[in-house]
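What follows is each chain in one-letter form.
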Amino acid sequence: MSEKFNVADIFGENVFNDTVMKERLPKNVYKNLKLAMTGVQELSLTDADVIANAMKDWAIEKGATHYTHWFQPLTGTTAEKHDSFISAPKENGKVLMEFSGKELIKGEPDASSFPSGGLRATFEARGYTAWDCTSPAFVREDATGATLCIPTAFCSYTGEALDQKTPLLRSMDAINEQSLRILKLFGNTHSKKVTPSVGAEQEYFIVDREKYLQRKDLIFAGRTLFGAMPPKGQELDDHYFGAIRERIGAFMKDVNKELWKLGVSAKTQHNEVAPAQHELAPIYAQCNTATDNNQLTMEVLKKVAYRHGLVCLLHEKPFAGVNGSGKHNNWSITTDDGINLLEPGKTPHENIQFLLVLGAVMKAVDTHADLLRESASDVGNDHRLGANEAPPAIISMFLGEQLEDVVMQLIDKGDATSSIQKGKLKTGASTLPDLNKDATDRNRTSPFAFTGNKFEFRMVGSADSIAPANVVLNTIVAESFKEIADELEKADNFDMACHDMIKKLFTDHHKIVFNGNGYTDEWIAEAERRGLPNIPSMVDAIPALTTPKAVKLFESFGVFTEAELKSRAEIKYEAYAKAINIEAKAMLDITGKQLIPAVIAYSTELANSVLAVKEAGADASTQADLLTTVTGYLKEMKTQLAALEKAIADGAEISNVEEQAKFFRDTVKTTMDALRAPADKLEMIVDKDFWPFPSYGDLLFEV
Ligand code: ADP
Ligand code: MG
């Protein structure tokens, strides 16, 4: 039997959370820290010293020897630089364990090797990390020891954001301020702060480590670059929600334990649609914490998998032909006294505030569909979005039958006088109770679906940070709120003005609503008719960041300057070209060193067999046919190998990052596909003993 533990006992045990702070900090310091956390006042250095000392003592009791500022540069992962707590040795040769307020608040990692998109010339390499006191510090334990991790923002010396967290915090300020204005219009003066709540459902694949290590494509690119489909894929739907195998279950148990200790409320786990695919969802938390927690979740998934002789693949499309992985970013807006602005109440048509907020979100998503799409773009996600997979690359909004009915009544009649009540869902089985049908029926094909009291943005890639998506959501809705509040604050008759405003928002922006099946060709045509953008690739999505519309939006709320936006666009183009370049080079390596030699060995064996059979006086035509087919594909592979080599070299010559990214998408990727085709054909023919690495079947079904 495996180890037993009590979840309530271990939950948050490695987090410097409110309970610990209350226990260990002097009353006035605790109070000042709380004020700093809500943004009311800055923390003094004297208080920071006291907090740092308490944090250090707490961390050392947990076995920590080092501390690190833990930050999220634009590389897609997290970064850290560890310092031990030791001071310079005293005369007696002893050291003290020290950690000052200054060290807690600010760090100066050499920033020259992180992407900055031209924001910071390398001779001005200094960047600094600044403590985000709203996100709790934690101690991380693993084989390398225990480390106190301090979540920080990462900026250039002149204050430009070089990370994911800084704009996220800025966007949270924006939506807070504008939401409070909306609430005030409805007479709410008791709510003091409004924060987006986020729950990120994380999908991932698990494969056996021994097999993984035989696949250079998985090692270098995180996805398979070759591989014929196994006889069985996901067509039987027998993996989805299926019983979790023991080996995976043991892994999940350890993942949960690690996450719970770190205060991440891992809640749901199940098998996903594709074989070897799984999902983990936490209980939602405030936006910033949820983002940190999702980064931690990805880290823990990978680390724990390794310990179990497994590997966790976070790539959006590790295997062609079966579903890829994404992240569902569940988003709502909540006040400090527990009001969810996206909660419709019993009958939506009575709930004016909710309808106004709904209209505001509709306007935001319609106006900035291109930005929302961009926020979910990363290299791996190009294999999902717009590639006949969930969800499509066109942004639309799902409301469900009941809400859509209310919206239409308002548009058509100017008033909503009824709402479709929840019907009973007959289950038909006498042993099951009749379920109360969810009035907001789920639509799994919508990229942005209203699911009861939150929106679920389903486009984010599984390996990506959820920060960019939330930065966009927070800021575009803040803009809507602002424009609405500007109008309504001036109104003489608020009720009438609000009613007219809702009607106008619904009428003007209803074109973004689509309740049908988003996977169909009809929808693509219909969306085009409605003028909705369809942006199938990351490279085409990036320009959305720097349009005059985007610059105005982000600058007016202090979320990004134009320079920051331009730098982000540049980083993304570069990231795209670099990622494809690595994949292409991995293909050259695998083809040249593994596939071609294997096929030559096999064709030699075939040739010997043809000769031997002939010599024995029998009919060798089958062997001879096979040999012709194999050598045909071999030749094709050799030709495409040379073409890919040339494409990579041509790509390297292009100095403009946008042009280069386009070249990698249009020429290099196409050539990669042309090389893969004969290789996958060969895999189906060549004797398995000759094939140099495990097949899709081995990877997907033998975990
Ligand atoms: P699904 O059917 O999509 O799996 P769940 O109800 O399990 O939906 O919720 C998925 C995620 O949404 C979870 O992380 C959950 O905590 C989160 N969530 C639930 N309510 C809210 C809310 N009001 N705001 C933000 N996230 C929420
Ligand atoms: Mg979901």
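Rules used throughout
- Residues numbered from 1 in each chain as written.
- Chains lettered and ligands numbered in written order.
- Predicted model: local features only at pLDDT ≥ 70, side-chain atom pairs only at ≥ 80, totals over all residues.
- Heavy atoms only, no water.
- Helix = DSSP H or I, 4+ residues; strand = E, 2+ residues; numbered from the N terminus.
- Rg over C-alpha atoms; globule rule 2.2 N^0.38 Å.
- Contact = heavy atoms within 4.5 Å.
- Areas by Shrake-Rupley, 256 points an atom, 1.4 Å probe, with all protein chains shown as cover.
- Domains from an automatic or database assignment.
- Buried area = accessible area lost by both parts, 1.4 Å probe.
- Phe/Tyr/Trp six-rings, centres within 6.5 Å; stacked < 30°, edge-to-face > 60°.
- Buried < 20%, exposed > 50% of the residue type's maximum accessible area, 1.4 Å probe, protein only.
- Lys NZ or Arg CZ within 6 Å of the ring centre and 35° of its normal.
- Salt bridge = Lys/Arg side-chain N within 4 Å of Asp/Glu carboxyl O.
- Disulfide = S-S within 2.5 Å.
- Pairing = 2+ DSSP bridges.
- Donors = N, O, S within 2.8 Å, 3.2 Å for Na, K, Ca; no water.
- Polar contact = N/O pair within 3.5 Å; in protein donor to acceptor, adjacent residues only side chain to side chain.
- Patch = residues over 30% accessible without salt bridge, like charges linked within 9 Å, V, L, I, M, F, W, Y side chains within 5 Å.
- Core = buried A, V, L, I, M, F, W, Y, C linked by side-chain atoms within 4.5 Å.

## Re the overall build of the chain
A tally of helices and strands in the chain yields 22 helices and 17 strands. Compactness check: the chain gives a C-alpha radius of gyration of 28 Å against a globular reference of 27 Å for 703 residues, within 12% of the reference. Summarising its shape, the C-alpha atoms of the chain cover approximately 100 × 85 × 60 Å along the three principal directions. Taking the contacts inside the chain whose residues are at least 6 apart along the sequence as the reference set, 74% of them involve residues at least 24 apart. As presented, the chain carries roughly 30,300 Å² of accessible surface, and 54% of it is formed by carbon and sulfur atoms.

## Here we look at the domain arrangement of the chain
Taken domain by domain, the chain comprises domain 1 (7–163), domain 2 (171–420 + 436–560) and domain 3 (576–701). Each of domain 2 and domain 3 has a C-alpha centre, and the two are 39 Å apart. If you look at the interface, domain 2 gives 35 residues, while domain 3 gives 33 residues. Summing both sides of the interface, domain 2 and domain 3 together bury roughly 3,000 Å²; the carbon and sulfur share of this comes to 69%. The largest share of the area that domain 2 buries against domain 3 comes from L225, F226 and V539, three residues that together contribute 23% of it.

## Some points on the packing of aromatic side chains
Using the criterion set out here, one finds 20 aromatic pairs in the structure. Their ring planes at 80° and their centres at 5.1 Å tell us that F554 and F560 sit as a pair that is edge-to-face. Exposure class is identical for F554 and F560. Each is buried. Here the aromatic residues F354, F448, F450, F455 and F457 are joined through ring pairs into a cluster of three or more. Directly above the aromatic system of Y128 lies the positively charged group of K106, at a separation of 5.1 Å from the ring centroid.

## Thoughts on the pattern of salt bridges
Enumeration according to the criterion identifies 37 salt bridges in this entry. For R215, the salt bridge goes to D217, with nearest N and O atoms at 2.6 Å. As far as burial versus exposure is concerned, R215 and D217 are alike and both buried. Because the salt bridges share partners, they merge into one network encompassing R181, K482, D486 and E489.

## Some words on the state of the cysteines
Across all of its chains, the model carries 0 disulfides by this definition. Among the cysteines around C287, which has no disulfide bond, C133 carries the closest sulfur, lying 16 Å off. Residue C287 is classed as buried on the basis of its relative accessible area, which comes to 0%. Just so you know, C312 is unpaired, no disulfide at all, and the nearest cysteine sulfur is the one on C149, 19 Å from it. Judged by its relative accessible area of 6%, C312 is buried.

## Here we look at the pairing of strand β9 (residues 277–282)
Burial analysis of β9 places 5 of its 6 residues in the buried class, the great majority of the element. Sheet analysis places strand β7 (residues 194–208) next to β9, joined by 4 bridges and oriented antiparallel. By the bridge assignment, Y204 is partnered in β9 with H278. Of the strand pairs in this sheet, strand β8 (residues 266–271) and β9 are connected by 5 bridges, and their pairing is antiparallel. Among the inter-strand pairings, T268 is bridged to a residue of β9, identified as A281. Hairpin connection, β8 to β9: the antiparallel pair is bridged by 5 residues, and A276 has positive phi, about 70°.

## Looking at the coordination of the magnesium ion (ligand 2)
Six octahedral donors around a metal ideally subtend angles of 90 or 180 degrees, whereas four tetrahedral donors ideally subtend 109.5 degrees. Donor atoms from the polypeptide that bind the magnesium ion (ligand 2) are E201 (OE), E201 (OE) and E456 (OE), placed at 2.2 to 2.5 Å. Highlighted residues: E201 in strand β7 and E456 in strand β17 (residues 455–457), separated in sequence by 255 residues. Both residues of the pair, E201 and E456, belong to the buried class.

## Quick look at unusual backbone geometry
Of note, the phi angle at A276 is positive, near 70°, even though the residue is not glycine. Relative to the assigned elements, A276 resides in the loop between β8 and β9.

## What about the environment of A64?
Note that A64 resides in strand β1 (residues 64–71). Sequence separation between A64 and I484 is 420 residues, and the spatial gap between their C-alpha atoms is 50 Å. The contact partners of A64, leaving out residues within four places of it in the chain, are A59, F85, A146, T147 and L148.

## Description of the side chain of N330
Tracing the backbone through its elements, the reader meets N330 in strand β12 (residues 327–335). A distance of 2.8 Å separates polar atoms of two side chains, one belonging to N330 and the other to E201. Setting aside residues no more than four positions away along its own chain, N330 makes contact with S197, V198, G199, E201, T451, K454, F455 and E456.

## Some points on the pairing of β1
Of all the 8 residues making up β1, 6 are buried; the element is thus mostly covered by neighbouring parts of the structure. Direction of pairing for β1 relative to strand β6 (residues 145–156): parallel, over a ladder of 6 bridges. Looking at the pairing, A64 lines up with A146 of β6. Pairing between β1 and strand β2 (residues 79–84): 6 bridges, direction antiparallel. Residue pairing for β2: H66 is matched across the bridge by S84.

## A few points about a nonpolar patch on the surface
On the surface, L213, I219, F220, Y306 and I582 cluster together into a nonpolar patch covering about 480 Å² of accessible area. For Y306, a relative accessible area of 44% puts it in the partly exposed group.

## Some points on the nonpolar core
If you look at the biggest cluster of nonpolar residues, it comprises 127 residues, and the most contacted ones within it are L358, M397 and F554. The element best represented in this core is helix α19 (residues 562–615), accounting for 17 residues. Counting residues domain by domain, this core receives three or more from each of domain 2 (171–420 + 436–560) and domain 3 (576–701). Leaving out residues up to four positions away in the same chain, L358 has contacts with M397, L399, L403, V407, F455 and F506. Core analysis: the second largest hydrophobic core is formed by 39 residues, L259, V264, A266 and A274 among them.

## Here we look at the side chain of S462
Relative to the helices and strands, S462 is located in the loop between β17 and α14 (467–488). What makes S462 buried here is its relative accessible area of 0%. Among the polar contacts made by the side chain of S462, one reaches the main-chain carbonyl oxygen of S325 at a distance of 3.1 Å. In this view, S462 contacts Q202, E203, M298, L314, H315, E316, S325, G326 and K327; residues no more than four positions away in its chain are not counted.

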